[in-house]
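# Coordinate analysis (summary)
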Amino acid sequence: MDTIPASTQIACYHCGDDVQIDGISIDEKSFCCHGCKTVFELLDKNDLCDYYSLEDNPGNQLSHFFSEKYNYLDTEEIADLLLDFKSEKFHKVTFRIPTIHCSSCIWLLENLTRFDEGIINSQINFSKKRLSVNFEPKVTNLKNIVDLLCKLGYEPEISLNQNKEDTRNHSSINLIKLGIAGFVFGNIMLLSFPEYLGIDPESIFTDYFAYINLALSLPILFYCASEFYLSAFGALSKKVLNIDLPITIGIAALFLRSTFEILTESGPGYLDSLAGLVFFLLIGRWFQSKTYEGLSFDRNFKSYFPLAVTRVSDTQRESVLVEKLVVNDVIFVRNEEILPCDSILMSNEAQVDYSFVTGESLPVKVLKDEILYAGGRIKGQAIQASVTKAVSKSYLTQLWNNPALEKTKEQDGEKLIDRISQYFTPLVLGIALLAGIYWTYVDSSQIVFVLSSVLIIACPCALALATPFTLGSVLNLLGGHQFYLKNTAIIEKLWKVDHLIFDKTGTITSKSNNVVIFQGNPLSDRENQWLSSLTQNSTHPLSQHIHDHLIDYTTVETSIKFKEQSGAGLIGTINGHEVKIGSASFIGVTNQEEKNGSVAFVSIDGEIKGYFSVQNHYRKGLKEMINGLKNNYNFTLLSGDNDSELQNLTRIFPQNANFHFKQSPEQKLNHVKSIQENDTVVMIGDGLNDAGALGASDVGISVAENISSFTPASEAIILGKQLVNLSDFFRLIRQSKKIIIIGFTLSFLYNIVGISFAVAGYITPIFAAILMPLSSITVVAFSTLSIQFLGRKIRTNRL
Amino acid sequence: MKILVLLIIISLIVAIIFLWLFVWSVKSGQYDDTDSPAVRILYEDKTKSNQSSKK
C-alpha cells in the first residue's frame, strides 16, 4: 500500500472538517473549502459572527449548489404550491431543513432578517427541523430566500410530497389527557389524606370529600381512560383478549365499588387508586409513543425527484412542474440534476449515474436515441432528452406501485403483552369466580366485596407498564447511537427475525473511503503531480477517487491541454509531456488478467507505467459485526453491482451465505418475497434500488451517510458509520425481550400477593393505594435501569 | 372549621383554572418544540456599532 504523507489535522473554522495542506485562510482562521470561507465572509459582513461563539464549528459543508437550481421558484404557480399563506403584503412559507442540528443553527436561521430586508421574521421548530419564514412579497421572493438558505449551508428539502403536520394533534391530545389525569390524581390524593392518616371517620368532611372525589374522578373515567375501553372492545369484537380488557374491568370495578361505598356511606372508595392507575398507564403510553419527528420514514419516489425541470420549447426554456410533463416534451437536464421521467436521449451522449437506482457504482454511458431512466443523475455535460413516459408511469414509479407493496404491513403484529393477556383475563376471572363461590358458603354478605376486591387488585397496572418502559428505553438508547426506529412495535417484530439481507454498495461499503492502489513502476513526484492535475478536471468518479488519493501533490500551474473521452479516459499535455489515464483499450494495454475492482491505466509519453486500482472499501468492523450476528441469523447479499467482489465477500460472510449480483430492483423484491416464505426477513439497504425490497421485507432498515440524505421508506434508519454496531444493537433488542419477561414475572408476584389478600377479604383502600404504585414503580425502575445498564455494553463510536 | 368547606371549593376552582390554562397552552402549540426556546433566550440584541463584549 502506498504511504500517504499525513496532513496536518487543523479543523475548518466553519464546519470542523479537516483542512488540507493547501487550505484557505483568513486572519489565522482556516477553512476546508471555498464554500465554508464564503459563508464565514457572509456572516462577517452582516455582523453575525456570534454564530461561531455558540458552538464549535457549527457550519454545514455546502452541498452542490448552483445558482440555476431553484429557477423554477420564479414561476408563480410553482411557488404558490409551497406557500402556507398568501396575501398581498404577507407571504408565509415553511421549509424542512434536515441540516439543522445545533443551537447555532437556531440562532442563525432566526436572524435571517439581517440578510434580507424582505424577510419579516423566521422561526424554527427544532424537533421537526422546520423553518417558517414570513416575508413581504414586494421586497423579496421565494427564490431569494431559498438561495440565501443554500448559501448559508441550510439547503431546504423541497419536494412534491409535502406532509403537513397532523401528527401534532395526536400528541397534544395525549398530553392533555396526561395533564388532566395528573391533576385529578393529585387532588384526589390530597382529599384522601384524612383516610390515610386515619382521622375521625365521623366528621362531616368525610362525605364532603368523598363526593368531591367522585366528581373529580368523572373526567378520568370518561375522557382520559376512554382509549383503554375502545381498544378493549375493539379487540373483543375480533375475538381477541388484549391487555386493555382486564384494565377496563379493573377500572369498572374500582369505580362501581367506590360509588357504592360513597353513596351508602360505608367507606371512602378506591378513587385514588383509580386515578393513579389511569395516570401511570397514560405515562406508559406517552413514554412509548415517542417518535422521531425530524426524520422521515415514509419517503417515496416523489420526495426524491425534483419538483420542476427545465423544458425546452422552440422559443424558450421554462421551468415546469415535473407532473406536468407530457410525452414528447423536450427537457434540459444539467450536471448533478436528476432525470424526472423515462426519456430518449437527444444529445450525442450522456453520462448517467444510476447508483441510487440500480446500485451500479460507475456511471453508464448512454448514446443518442437510447433510453434514459427516471431517477438517474446526470454527470458532466448537460443533455437534452425527449420524454417517453410521464412521471407516474416511468419504470421506477412502477416499482413503487408494485402490488407486492400494496399490502400495508400489519401495523401491530401480535404483541407479547397480548399473548399474555389471553391467559391473564380468564385466569383472573376464574379466580374471582372461585373466590365468590367459596365466600358464598362462608359469609355470603362478603361476596360482592371480595369479588370486586379481586378484580380491583388484579388490575394489571404494572404488567401494562413493563413493555412501554422497556421498549421506550430501548428506542431512546438506540436513537442515541443513531439507529432510529420508527416506533416501538418494530422492536417486537425484530424479535422474530432470523434472516438478514444486505445490499452491497453504500450499505456494507462506505461511499467515502475507497482504497486506491497503484501497481506498476513507481511514479515520481512530478508524475503524480501531473496525474493529480489531470484528474482534477474530470467528474468521473474514478477520476475523483484517484484525485483524492493524490490530493497531497499540488497541481501544476501551467495550463494543460485537457481532453476527456467519456467512458474511455483522460488525456492531457503538461509541460510537454503527454499524460494519459483511462481504460485498458484507451491506453493500449493488451492481455490484462482479471483485476479486482475498477482499474485505470496510466501512460506517460506513450510508456505504460502501471495502473490504479480502486477497490470497494468495506466498513471497518464489518467482519466483526458479521461474526457477532452469524449465530442468530442467516445472510443473503443482493447487489446491483457486478460480481467482481465475490472473493472478498466470501471472506467476510459465513459459509452458508447467498450472494446474488446484478440484481434489478424488481429482482431484489422477488428475492425478499421468496425468502419470506420460510424466514422472517430484515432488509438493509440504502438506495432507491432497494426501495422495493425494503418495502416488502418484514423490517426494512435504510442506511444513510448523514441524517439529511434521502432514504427510501423503511421502518428504521441507521447512520452509515453505526452500521457495524448492528450486532450489538440486535443483541440489545433480543435482551429486551428477556427484560420484559422478568418485568412480567415481577408484576405477577405482586399480583399473587395482592390476590391472596383479596380472596381472604383483607383488602382496604390503603392497601390498594400502596400496592399499585409500589408494583408500578418497581417494574418501571427495573425495566428502565436494566436497559440503561445493558446499553452501556454497546461499544461507542469506532471510527 | 366549617370555613374549610368554602376554602376547598375556592381552591378547586383556582386549580381548575390552571388546568384549563394548561389545556389551552398545549392546544396552542407551546409544547411542540421544547428545544429552541431554551436557546432563544440567550440571544443578545446587538446594535450596529458593536461595542458589547463577546465571551
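On a predicted model such as this, the values are computed, not experimentally measured, just so you know. Here, residues in each chain are numbered from 1, in the same order as that chain's written sequence. The order in which chains are written sets their letters, starting at A; the order in which ligands are written sets their numbers, starting at 1. Residues qualify for local features only when their pLDDT is at least 70, as the model is predicted, and side-chain atom pairs are given and counted only at 80 or more; totals for whole chains, interfaces and linings, by contrast, use all residues. To get the side-chain values, all heavy atoms of the structure are used, and hydrogens and water are removed first.

## Structural notes on the overall build of chain A
In plain terms, the rule: Only DSSP runs of H or I covering at least 4 residues are called helices, and only runs of E covering at least 2 are called strands; the numbering of each starts at the N terminus. Exposure classes here rest on a 1.4 Å probe applied to the protein chains alone. A residue is buried below 20% of its type maximum, exposed above 50%, and partly exposed in between. Contact criterion: two residues are considered in contact whenever any of their non-hydrogen atoms come within 4.5 Å of each other. Here the Shrake-Rupley method, with its probe set to 1.4 Å, supplies the accessible areas, and only the displayed protein chains count as covering residues.
What chain A contains, in helices and strands, is 29 helices and 30 strands. The proportion of buried residues among the 799 residues of chain A is 53%. Taking as baseline every contact in chain A between residues at least 6 positions apart, the subset at least 24 positions apart corresponds to 67%. Per element, the accessible surface of chain A, about 35800 Å² overall, is 54% carbon and sulfur.

## With respect to the pairing of strand 24 (residues 598-604) of chain A
All names here are of chain A. For clarity, the threshold we go by: Paired strands, in this sense, are two strands between which DSSP finds at least two bridges.
Extensive coverage of strand 24 is indicated by the burial of five of its seven residues. In the sheet, strand 23 (residues 577-582) pairs with strand 24 via four bridges, with the strands oriented antiparallel. Bridging across to strand 24, Gly-582 finds its partner in Phe-601. With seven bridges joining them, strand 24 and strand 25 (residues 607-615) adopt antiparallel strand pairing. Across the sheet, the residue bridging to Ser-598 is Val-614, located in strand 25. With antiparallel pairing between neighbouring strands as the criterion, strand 24 and strand 25 make up a hairpin whose turn holds two residues, including Asp-605 at a positive phi of roughly 55 degrees.

## Details of the sheet that holds strand 14 (residues 364-367) of chain A
All names here are of chain A. Keep this limit in mind: Note on geometry: axes are lines fitted to C-alpha atoms, helical ones only across the stretch in contact, with angles between N-to-C directions running from 0 to 180 degrees.
The sheet built from three strands is open, its strands ordered 14-13-16 with antiparallel pairing. With partners counted over all chains shown, the strands left at the sheet margins are strand 14 and strand 16 (377-379), one partner each. Neighbour-to-neighbour, the strand axes of the sheet open up by a mean angle of 45 degrees, direction not taken into account. Direction of pairing for strand 13 (residues 349-353) relative to strand 16: antiparallel, over a ladder of three bridges. Bridge pairing links Asp-353 to Arg-377 in strand 16.

## Topic: a nonpolar patch on the surface
Under the convention used in this document: The patches reported here contain residues having more than 30% relative accessible area and no salt bridge. Joining distances are 9 Å for like charges and 5 Å for nonpolar side chains (Val, Leu, Ile, Met, Phe, Trp, Tyr). Whenever Lys or Arg places a side-chain nitrogen within 4 Å of a carboxyl oxygen from Asp or Glu, that contact is recorded as a salt bridge.
On the surface, B:Ile3, B:Leu6, B:Leu7, B:Ile9, B:Ile10, B:Ile13, B:Val14, B:Ile17, B:Phe18, B:Trp20, B:Leu21 and B:Trp24 cluster together into a nonpolar patch covering about 1200 Å² of accessible area. For B:Leu6, a relative accessible area of 47% puts it in the partly exposed group.

## A closer look at the nonpolar core
Generally speaking, soluble globular proteins have nonpolar side chains that are buried together. Residue and element names in this part refer to chain A. The condition that has to hold: In this description, a nonpolar core means a group of buried Ala, Val, Leu, Ile, Met, Phe, Trp, Tyr and Cys residues linked to one another through side-chain atoms lying within 4.5 Å.
In this structure, Phe-483, Phe-502, Phe-653 and Phe-730 are the most contacted members of the largest nonpolar core, which totals 128 residues. Of all the elements, helix 18 (residues 461-480) adds the most residues to this core, at 12 residues. Contact partners of Phe-653, with chain neighbours within four places excluded, come to Phe-502, Ile-508, Ile-626, Phe-635, Leu-637 and Phe-659. Listed in part, the 49 residues of the second largest apolar core include Cys-12, Phe-115, Phe-126 and Tyr-154.

## Considerations on the pattern of salt bridges
Residues and elements named next belong to chain A. Taken as a whole, this structure holds 19 salt bridges over all chains when the rule is applied. Ionic pairing is found between Lys-668 and Asp-690, a salt bridge with its closest N-O pair at 2.6 Å. In this pair, Lys-668 sits in helix 26 (residues 665-676) while Asp-690 sits in the loop between strand 28 (681-685) and helix 27 (691-696), placing the two residues 22 residues apart along the sequence. When its relative accessible area of 0% is taken as the criterion, Lys-668 is described as buried.

## Looking at the interface of chain A and chain B
Threshold: Residue polarity follows a fixed list, in which Ala, Val, Leu, Ile, Met, Phe, Trp, Tyr, Cys and Pro are nonpolar, Asp, Glu, Lys and Arg are charged, and the others, Gly among them, are polar.
Listed as interface residues are 27 residues of chain A and, on the opposing side, 26 residues of chain B. In this assembly, chain A and chain B are joined by one salt bridge. A salt bridge links A:Glu110 to B:Arg40; its shortest N-O distance comes to 2.9 Å. Going through the elements one at a time, helix 4 (103-110), strand 7 (119-125), helix 6 (167-191) and helix 8 (204-224) of chain A are the ones with two or more residues in the side of chain A that touches chain B. Ranked by residue count, the leading element in the side of chain A that touches chain B is helix 6 of chain A, at nine residues. Counted by class, the side of chain A that touches chain B contains 15 nonpolar, seven polar and five charged residues.

## Comments concerning the environment of A:Ile220
Residue and element names in this part refer to chain A. Tracing the backbone through its elements, the reader meets Ile-220 in helix 8. Taking relative accessible area as the criterion, Ile-220 reaches 1% and is therefore assigned buried. As for Ile-220 and Lys-177, which are separated by 43 residues in sequence, their C-alpha atoms are 8.3 Å apart.

## Some points on the sheet that holds strand 7 of chain A
Residues and elements named next belong to chain A. What the four strands build is an open sheet, ordered 5-6-8-7; its pairing is antiparallel. Looking at strand neighbours, the two that pair on one side only are strand 5 (83-86) and strand 7, the edges of this open sheet. Each adjacent strand pair in this sheet contributes to an overall mean axis angle of 15 degrees, direction not counted. Of the pairings in the sheet, the one linking strand 7 to strand 8 (residues 130-135) comprises six bridges and is antiparallel in character. Its bridge partner being in strand 8, Asn-125 is matched across the sheet by Arg-130. Against the sheet, helix 4 makes contact with strand 7 and strand 8, and its axis sits at roughly 160 degrees relative to strand 7, the strand it touches most. Taken strand by strand, helix 5 (residues 142-151) contacts strand 5, strand 6 (91-96), strand 7 and strand 8, and its axis lies near 35 degrees from that of strand 6.

## Some points on the packing of aromatic side chains
Residue and element names in this part refer to chain A. Spelled out, the test is: We call Phe, Tyr and Trp rings a pair once their centres come within 6.5 Å, taking the six-membered ring for Trp, and we label the pair stacked below 30 degrees between planes, edge-to-face above 60, and tilted otherwise.
A complete count under the given rule lists 23 aromatic pairs over all chains for this structure. Summarising the aromatic geometry, the rings of Tyr-208 and Phe-209 are spaced 6.0 Å apart at their centres and angled 35 degrees between planes, so their arrangement reads as tilted. Aromatic side chains Phe-502 and Phe-653 sit 6.0 Å apart centroid to centroid with 65 degrees between the ring planes, which places their arrangement in the edge-to-face category. Placement of the pair is Phe-502 in strand 19 (residues 499-503) and Phe-653 in the loop between helix 25 (646-652) and strand 27 (658-660), with a sequence separation of 151 residues. Classification of Phe-502 as buried rests on a relative accessible area of 0%. Taking relative accessible area as the criterion, Phe-653 reaches 4% and is therefore assigned buried. Each member of the aromatic cluster is reached from another via a ring pair, and the members are Phe-502, Phe-635, Phe-653 and Phe-659.

## Quick notes on unusual backbone geometry
Residues and elements named next belong to chain A. Unusually for a residue other than glycine, Glu-265 sits at a positive phi of about 55 degrees. Relative to the helices and strands, Glu-265 is located in the loop between helix 10 (244-263) and helix 11 (271-288). Glu-265 sits in the exposed class, given a relative accessible area of 53%. Residue Asp-605 is not a glycine yet carries a positive backbone phi of 55 degrees. Here Asp-605 is to be found in the loop between strand 24 and strand 25. Asp-605 sits in the partly exposed class, given a relative accessible area of 43%.

## Structural notes on helix 11 of chain A
Put simply, the rule is: By this rule the span expected of a helix is its residue count minus one, scaled by 1.5 Å.
Helix length check: helix 11 of chain A (18 residues) gives 26 Å between terminal C-alpha atoms against 26 Å at 1.5 Å per residue, within 8%. Burial analysis of helix 11 of chain A places 13 of its 18 residues in the buried class, which makes it a mostly covered element.

## Remarks on the state of the cysteines
So the rule is basically this: Any two cysteine sulfur atoms lying within 2.5 Å of each other are counted as a disulfide.
Under the criterion given, the structure shown has zero disulfides over all chains. A disulfide-free cysteine, A:Cys224 has its sulfur positioned 15 Å from the sulfur of A:Cys461, the nearest such atom.

## Some details on the side chain of A:Thr535
Residues and elements named next belong to chain A. Operational definition: Polar contacts, as counted here, are pairs of nitrogen or oxygen atoms within 3.5 Å of one another; within protein the pair requires one atom able to donate a hydrogen and one able to accept it, and residues that are adjacent in sequence qualify only if both atoms are side-chain atoms.
Within the secondary structure layout, Thr-535 lies in helix 21 (residues 525-536). Within the structure, Thr-535 has its side chain in polar contact with the backbone oxygen of Leu-531 (distance 2.8 Å). At 3.2 Å, the side chain of Thr-535 forms a polar contact with the backbone oxygen of Ser-532. Those residues within four positions of Thr-535 in sequence are excluded, and the remaining contacts are Ser-543, Ile-546, His-547, Leu-570 and Ile-581.

## Points about the confidence of the model for chain B
All names here are of chain B. Stated formally: Per residue, pLDDT measures the predictor's confidence, with a range of 0 to 100.
Predicted confidence across chain B gives a mean pLDDT of 79, with 80% of residues reaching 70 or more. Below a pLDDT of 50 lies the segment residues 48-55, which in the model reaches six contacts outside its immediate sequence neighbourhood of four places, other chains included. In the model output, the complex is listed with pTM 0.80 alongside ipTM 0.82.

## Concerning the packing of helix 11 of chain A against helix 18 of chain A
Residue and element names in this part refer to chain A. Definition in use: Roughly parallel means an angle under 35 degrees; roughly antiparallel means over 145; roughly perpendicular covers 65 to 115; every other angle is labelled oblique. The sense of a crossing depends on the near helix, which, turned anticlockwise from the far helix by less than a right angle, makes the crossing left-handed and, turned clockwise, makes it right-handed.
Contact geometry for helix 11 and helix 18: axes closest at 8 Å, N-to-C directions at 25 degrees. Considered as vectors, helix 11 and helix 18 are oriented roughly parallel to each other. Both helix 11 and helix 18 take part in a crossing whose hand is left-handed. Mapping the contact onto sequence places Leu-277, Phe-280, Leu-281, Ile-283, Gly-284, Phe-287 and Gln-288 in helix 11 and Cys-461, Ala-464, Leu-465, Thr-467, Pro-468, Phe-469, Gly-472, Ser-473 and Asn-476 in helix 18. Grouping the amino acids of the contact of helix 11 with helix 18 by side-chain chemistry returns 10 nonpolar, six polar and no charged.

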